[in-house]
Amino acid sequence: MRNWFVDFLNLFYPNLCAACGEKLLTQEKVICTKCLVDLPRTNFHYEHDNPVSQLFWGRVNIQNATALFRFQKGSRFQGLLHLLKYKGRQDVGEELGRQLGFELKKSELFNAVNVVIPVPLHPKREKKRGYNQAECIAKGIAESMGIEMQARNMSRNVETQTQTKKSRIERWKNVDSIFEIKHPEKLNNKHILLVDDVVTTGATLEACAQELLKTQGTTVNIAALATA
Ligand SMILES: [Zn+2]
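Residues numbered from 1 in each chain as written. Predicted model: local features only at pLDDT ≥ 70, side-chain atom pairs only at ≥ 80, totals over all residues. Heavy atoms only, no water.

### Focus: the sheet that holds strand β3 (residues 148–149)
The condition is simple: Note on pairing: DSSP must find at least two bridges between two strands before they are called paired. Strands here mean DSSP runs of E at least two residues long; helices mean DSSP runs of H or I at least four residues long; both are numbered from the N terminus. Should any heavy atoms of two residues lie within 4.5 Å, those residues are counted as being in contact. Here the axes come from fitting lines to C-alpha atoms, over the contacting stretch only for helices, and the angles between their N-to-C directions go from 0 to 180 degrees.
The strand order β1-β7-β6-β2-β3 describes an open sheet built from five strands, whose pairing is parallel. The open sheet terminates on both sides in strands that have one partner only, identified here as β1 (65–70) and β3. Here five bridges tie β1 to strand β7 (residues 219–227), and the two strands are oriented parallel to one another. Paired with T66 across the two strands is A223, which belongs to β7. Helix α7 (residues 133–145) rests against β2 (115–118), β3, β6 (191–199) and β7 of the sheet, and its axis sits at about 130° to β6.

Below you can see the structure in the form of structure tokens.
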């Protein structure tokens, strides 16, 4: 009865796939099954040594790191990321986060994580956007893995937009003091999953991880939606 009603409503207000624009089936959410299958998956979460985890070698002690998709310019994934970052589509981040969480749950390398933490935005930027896109993804992951999210425990004190103009060393110093943890005791002995939308150089994730590793007995893992 309920499904019939939803289908009936969809005749007038169709739910469309955020990636291809086709009508979603009743059981589909935000992105259709065909698009989810077609997105270029890395399967990095099954390998301890992969191009994303290698980014952090010799820099910071990360247990495991992965990204769900390969980022390609002009791809359907880039379109989804654009919706998430610039068009207010938090539901796109949550759905892709749920997909990432389903995958991590199946991986022996990741299934022991017990708290999800999104990379924080500077308050000014978050206010401008209205939300933190990494938090949308983290929320989806926490939901599908059945674990808690701590979205407000870590804060970002420095805006790093103008980083590209600075030298490498200055940039490093800059990154080192960006993040702060408000309640370290809430993270003691936790297996943390640190989450961002896209991993490129890994500098921001590295700075976050350094800060998180100052808390007692924690391990840090990293998951992003995509790697550039
Ligand atoms: Zn689609």
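### Regarding the nonpolar core
Note the threshold: Put simply, a nonpolar core is a bunch of buried Ala, Val, Leu, Ile, Met, Phe, Trp, Tyr and Cys residues held in one set by side-chain atoms that sit within 4.5 Å of each other. Only protein chains enter the accessibility calculation, which uses a 1.4 Å probe; a residue whose area is less than 20% of its type maximum is buried, one above 50% is exposed, and one in between is partly exposed.
In this structure, I31, F77, L80, L96, I141 and L193 are the most contacted members of the largest nonpolar core, which totals 37 residues. Among the secondary structure elements, those contributing two or more residues to this core are α2 (33–38), β1, α4 (76–86), α5 (90–106), α7, β6 and β7. Top contributing element to this core by residue count: α7, with six residues. L96 has contacts with I31, L36, L39, L68, F69, F77, L80 and L225, leaving out every residue within four places of it along the chain. Formed by 26 residues, the second largest nonpolar core is a distinct cluster that contains F44, V119, F179 and L187.

### Overview of the coordination of the zinc ion
The condition is simple: Counted as donors are N, O and S atoms no farther than 2.8 Å from the metal, or 3.2 Å for Na, K and Ca; water is not among the atoms, and sites may therefore look incomplete. Under the classification used here, a metal with four donors is tetrahedral if each angle lies between 85 and 135 degrees, square planar if opposite donors are over 155 degrees apart and the others between 65 and 115, a six-donor metal meeting that same test is octahedral, and anything else is irregular.
At 2.3 Å from the zinc ion lie its protein donor atoms, namely C17 (SG), C20 (SG), C32 (SG) and C35 (SG). Considering all four donor atoms around the zinc ion, angles at the metal cover 104 to 115° and the coordination shape is tetrahedral. Each donor residue of the zinc ion belongs to the same chain, with the gaps between them written as C-x2-C-x11-C-x2-C. According to the relative accessible area criterion, C17 is buried, its value standing at 4%. Of the residues examined, C20 reaches a relative accessible area of 29% and is grouped as partly exposed.

### A short note on the pattern of salt bridges
To be explicit about the condition: We count a salt bridge whenever a side-chain nitrogen from Lys or Arg sits within 4 Å of a carboxyl oxygen from Asp or Glu.
Applying the stated criterion across every chain, the model contains 13 salt bridges. When the shortest N-O distance is used, the salt bridge between R89 and D91 registers 2.9 Å. Given a relative accessible area of 26%, R89 falls into the partly exposed group. With relative accessibility at 30%, the residue D91 sits in the partly exposed group. The salt bridge involving K190 is made with E148; its shortest N-O contact spans 3.1 Å. Here E148 lies in strand β3 and K190 lies in the loop between β5 (179–181) and β6, a separation of 42 residues in the sequence. For K190, a relative accessible area of 21% puts it in the partly exposed group. Through salt bridges that share partners, R41, E103 and K106 make up one connected network.

### Examining the environment of S75
Rules: As used in this structure description, the phrase polar contact means that two N or O atoms lie within 3.5 Å; if the pair is within protein, one of them must be able to donate a hydrogen and the other to accept it, and residues adjacent in sequence are counted only when both atoms belong to side chains.
Considering the arrangement of structural elements, one finds S75 in the loop between β1 and α4. Spatially, the C-alpha atom of S75 lies 9.8 Å from that of A19, the residues being 56 residues apart in sequence. One polar contact links the side chain of S75 to the main-chain carbonyl oxygen of Q72, over a distance of 2.6 Å.

### Considerations on helix α9 (residues 203–212)
Judged by how many residues are buried, α9 sits mostly within the fold: seven of ten residues are covered. When α9 is considered as a whole, its buried residues turn out to be L205, E206, A207, C208, A209, E211 and L212.

### Regarding the packing of aromatic side chains
What counts here: Note on aromatic contacts: the rings of Phe and Tyr and the six-membered ring of Trp form a pair at centre separations within 6.5 Å, being stacked when their planes are under 30 degrees apart, edge-to-face when over 60 apart, and tilted otherwise.
Counted according to the given criterion, the structure contains two aromatic pairs. A centroid spacing of 5.4 Å and a plane angle of 45° characterise the contact between F69 and F77, whose relative ring orientation is tilted. Between F71 and F77 the ring centres are 6.2 Å apart and the planes differ by 90°, which places this aromatic pair in the edge-to-face class. Judged by its relative accessible area of 23%, F71 falls in the partly exposed class. Under the relative-accessibility criterion, F77 is labelled buried at 0%.

### Overview of the packing of α5 against α7
Selection criterion: To sort the angles, those under 35 degrees are grouped as roughly parallel, those over 145 as roughly antiparallel, those from 65 to 115 as roughly perpendicular, and the leftovers as oblique. In this scheme the crossing of two helices becomes right-handed for a clockwise turn of the near helix relative to the far one and left-handed for an anticlockwise turn of less than a right angle. Classes in brief: Ala, Val, Leu, Ile, Met, Phe, Trp, Tyr, Cys and Pro nonpolar; Asp, Glu, Lys and Arg charged; the others, Gly included, polar.
Taken N-terminus to C-terminus, the directions of α5 and α7 make an angle of 40°; their axes are 6 Å apart at the nearest point. The angle between α5 and α7 places the two elements in the oblique class. Between α5 and α7 lies a crossing whose hand is right-handed. Facing Q90, G93, E94, G97, R98, L100, G101, F102, L104 and K105 of α5, the residues of α7 in contact are C136, I137, K139, G140, I141, E143, S144 and M145. Partitioning the contact of α5 with α7 into residue classes produces seven nonpolar, six polar and five charged.

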